[in-house]
Amino acid sequence: MTELIDPAPRSTAPPCPPGPAAGRVVIVSASVGAGHDGAAAQLALRLSGLGFEVDRHDFLDLVPAGLGQLVSRSYRLLLTVAPAAYQRIYSSTEHAGRPGVFIRLLQRSSHRRLLRALPADTRAVVATYPLAGQVLGRLRRLGRLATPAAVYLTDFSVHPLWVAPGADLHLAAHPVPAEQARGLGAERVEVTGPVVDPRCTPVTADRRRAARARFGLPPDVPLALLVAGSWGVGEVATVAAEVRATGAAVPVVVCGRNRALAERLRAEGVEHAFGWVDDMPGLMHACDVLVQNAGGLTSLEAFACGLPAVSYRCIPGHGLTNAAALDEAGLAPWIRDPAELGAVLAAMVDGPAGRRHRAAGLALHRDAAGPANAIAAVATPAADAPRPLIPTQRRHPAEEDRTPAAPAPHHPVGHPARRPVRRPVRRPVRRLGIAAAALTATAWLTTGGTQLAVAYGGLDAVDASRTDRTYLVVHPPNGERLDDATLRILRAAKAAVSIDAAQAGADPGEVRRLAAAGLTLVNAGYGPPYGTGLVTRRGSLDAGAAALRTATGSTPGYYLSSRDVDALDLGLAAYHHEHLVVPDARINCAAATAPQVKPGQVVLVECGSARAADLTAALRGLLAPRPLPRLGALTTLS
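Residues numbered from 1 in each chain as written. Predicted model: local features only at pLDDT ≥ 70, side-chain atom pairs only at ≥ 80, totals over all residues. Heavy atoms only, no water.

Quick notes on the pattern of salt bridges
The tally for this structure, following the rule as stated, stands at 21 salt bridges. Notably, a salt bridge pairs D121 with R24, separated by 2.9 Å at the nearest N-O pair. Of this pair, D121 sits in the loop between helix 5 (111–116) and strand 3 (122–127) while R24 sits in strand 1 (residues 24–29), placing them 97 residues apart in sequence. The partner of R264 in a salt bridge is E268, with the nearest N and O atoms 3.3 Å apart. Overall, the relative accessible area of 10% leaves R264 in the buried class. Overall, E268 belongs to the partly exposed group, its relative accessible area being 35%. Through salt bridges with shared partners, a single ionic network connects R481, D484, D507, E510 and R513. (Salt bridge = Lys/Arg side-chain N within 4 Å of Asp/Glu carboxyl O. Helix = DSSP H or I, 4+ residues; strand = E, 2+ residues; numbered from the N terminus. Buried < 20%, exposed > 50% of the residue type's maximum accessible area, 1.4 Å probe, protein only.)

The following block contains the structure:
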């Protein structure tokens, strides 16, 4: 168990003095995961304590035509179903040197809304999201924003989009990200330390005992906390299994809002799997080591709690770069080889390495005054010093014709009342381009993107690929009843039975018999090929659900589908509370020989016009090989 020591006192550096008329600070974050919003909430809390009025805005809401939410959904989709593609995109933007065309259009479309969101008494604007920082910096360069703008770097590594030319100040939690920001061209960077929930205090023996009792955790065994972010992304199940196999610690997993992941982990034997946890500081007090995969706010909270951390099987993009930066800073070792996992965990739980990293994490919070003081200093300049309207730096040539030749009269924020410059020329072509890009992206997400997500087990499709079991779904012969021996085989194989609308309508008694036998029923729509169409087969999901509801009195929880699905199909499935089941392999039950099934697949046994005896023979052939295939129930995947 981690040795507990008395925490050193926090920094006593005096904060900027609060005052009754300190003014207003506006924070622009983004609901992309929870890290950006979490940092914004803590900055708002600290600034309020210094006497400022604080407004918060979501940058995604400031982007017109719903493009902001489209960006968030696309980002989540890539992380969930196509992480390799996200890594390629991240790497390409790292080396591009400037935002891509779509990002620039996204930023420029938000200028007017962001300026309108700033009250007249705003003294400073702070971005905790990189695209918001880019917009603020550009507005400062163009002279359209007279209020100082700061960027708070929530990540421990710095992507080029975090550096906003024109911003007055970049705030970093540690010298490593500060140096990265300077290397990317940031002119004024201050190392202020991180900002986390005030409940993140150094753990003591009493706090640990109380926290373990509160969360129902074992009192006397080492515990490894696995956190998968608010979306529950990454190789969470694999990491939990590997941690458990080392014997160095018992995994405690936080799955965020991914309830399906929490249920799946519990079904696989992970006893301590939580969904969203409001008291993360308390759970950190209960554990001995953090195993993280993204390197964001969770890691900083762990350091404040005195919880040593390691990086392992990180998500692509910022997860990998954050792991490298934390390792470079000496705050969290990055485990790249699974063979080293057990030894590193044991050392972090009860060894000199754990004590060393715990002390380094506590010092990160103890030795810095925090970013709120630096923001307050920017927002309250000396009374005898005029506030600069525009940072003194060279403008891009393309911006010269839109910039006033001389500074305009000072106004706190936004556009001056009577600005001595010509009105900007409206650009309908640009707006048409933005609209076309939005429509194209939306069309792809609702068709091809949906199909890609379902194919990789994303959205609301069951995913067997990360398990070591095979899941059988049987579509029984048309017009034939199954005998009791076949029902027993189906139960032993934990198989589900798919029934199409025609079968349910022709023999509802047989459907009720299958349900009474304890078999999981699956809506097969109109039957093979289990597809949907824009016109002819659009009603298949509704028809199958209605027929099964008439026969059994309840709607099944699953819908058997081909990969030809779109967003409307997902909406209908969600309306009927059905999960999509997309087979990875198909077997004809009338085939002469049954192929060997593979683990990590959903296998459809399709009978069609075959005889019931053919199904019985096919099932016996599938279950005959030695060693026996490990079979799972479909209900454990949802």
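Things to note about the confidence of the model for the protein
Mean pLDDT over the protein stands at 79; residues scoring 70 or higher make up 73%. Across residues 5–16, where pLDDT falls below 50, the model places 20 contacts with residues more than four positions away in sequence or in other chains. Contacts for the low-pLDDT stretch residues 414–425, under 50 throughout, to residues beyond four places or in other chains number 16 contacts. (pLDDT = per-residue confidence, 0-100. Contact = heavy atoms within 4.5 Å.)

What about the packing of aromatic side chains?
In total, this model carries two aromatic pairs according to the counting rule given. With 6.0 Å between their ring centres and 45° between their planes, F59 and Y129 make a pair best called tilted. Pair noted here: F59 is in the loop between strand 2 (53–58) and helix 2 (67–81) and Y129 is in the loop between strand 3 and helix 6 (130–142), with a separation of 70 residues, a long-range link. Exposure remark for F59: the relative accessible area of 0% places this residue in the buried category. Aromatic side chains F215 and F274 sit 5.9 Å apart centroid to centroid with 90° between the ring planes, which places their arrangement in the edge-to-face category. Of this pair, F215 sits in helix 8 (residues 205–215) while F274 sits in strand 9 (residues 272–274), placing them 59 residues apart in sequence. When its relative accessible area of 18% is taken as the criterion, F215 is described as buried. Above the face of the W276 ring, R257 is positioned so that its terminal group lies 4.0 Å from the ring centre. (Phe/Tyr/Trp six-rings, centres within 6.5 Å; stacked < 30°, edge-to-face > 60°. Lys NZ or Arg CZ within 6 Å of the ring centre and 35° of its normal.)

Details of unusual backbone geometry
Its identity is not glycine, yet R313 carries a phi of approximately 45°, on the positive side. When its relative accessible area of 25% is taken as the criterion, R313 is described as partly exposed. In this structure, K494 is a non-glycine residue whose phi angle is positive, near 55°. Here K494 shows up in the loop between helix 19 (484–492) and strand 14 (496–499).

Let's talk about the sheet that holds strand 1
The pairing of strands in a sheet happens through backbone hydrogen bonds and is either parallel or antiparallel. On the basis of which strands lie adjacent, the open sheet formed by six strands has the order 2-1-3-4-5-6 and parallel pairing. Only two strands of the sheet have a single partner each, and these edge strands are strand 2 and strand 6 (189–191). Strand-to-strand twist across the sheet, computed as the mean angle between neighbouring axes with direction ignored, equals 25°. Note: strand 1 against strand 3, five bridges, orientation parallel. Each bridged residue has a counterpart across the sheet, and for V28 the counterpart in strand 3 is A127. With respect to the sheet, helix 1 (residues 35–49) is in contact with strand 1, strand 2, strand 3 and strand 4 (149–152), its orientation differing from that of strand 1 by roughly 170°. On the sheet, helix 6 packs against strand 1, strand 3 and strand 4 and is oriented at approximately 135° with respect to strand 3. (Pairing = 2+ DSSP bridges. Axes fitted to C-alpha atoms, helices over the stretch in contact; angles between N-to-C directions.)

Some points on helix 12 (residues 297–305)
The buried fraction of helix 12 is high, at eight of nine residues. For helix 12, the full list of buried residues reads L297, S299, L300, E301, A302, F303, A304 and C305. Its buried side turned inward, helix 12 meets helix 1, helix 11 (280–286), strand 10 (289–292), strand 11 (309–312), helix 13 (318–328) and helix 15 (352–366). Just beyond helix 12, the residue with positive phi is G306, at close to 75°.

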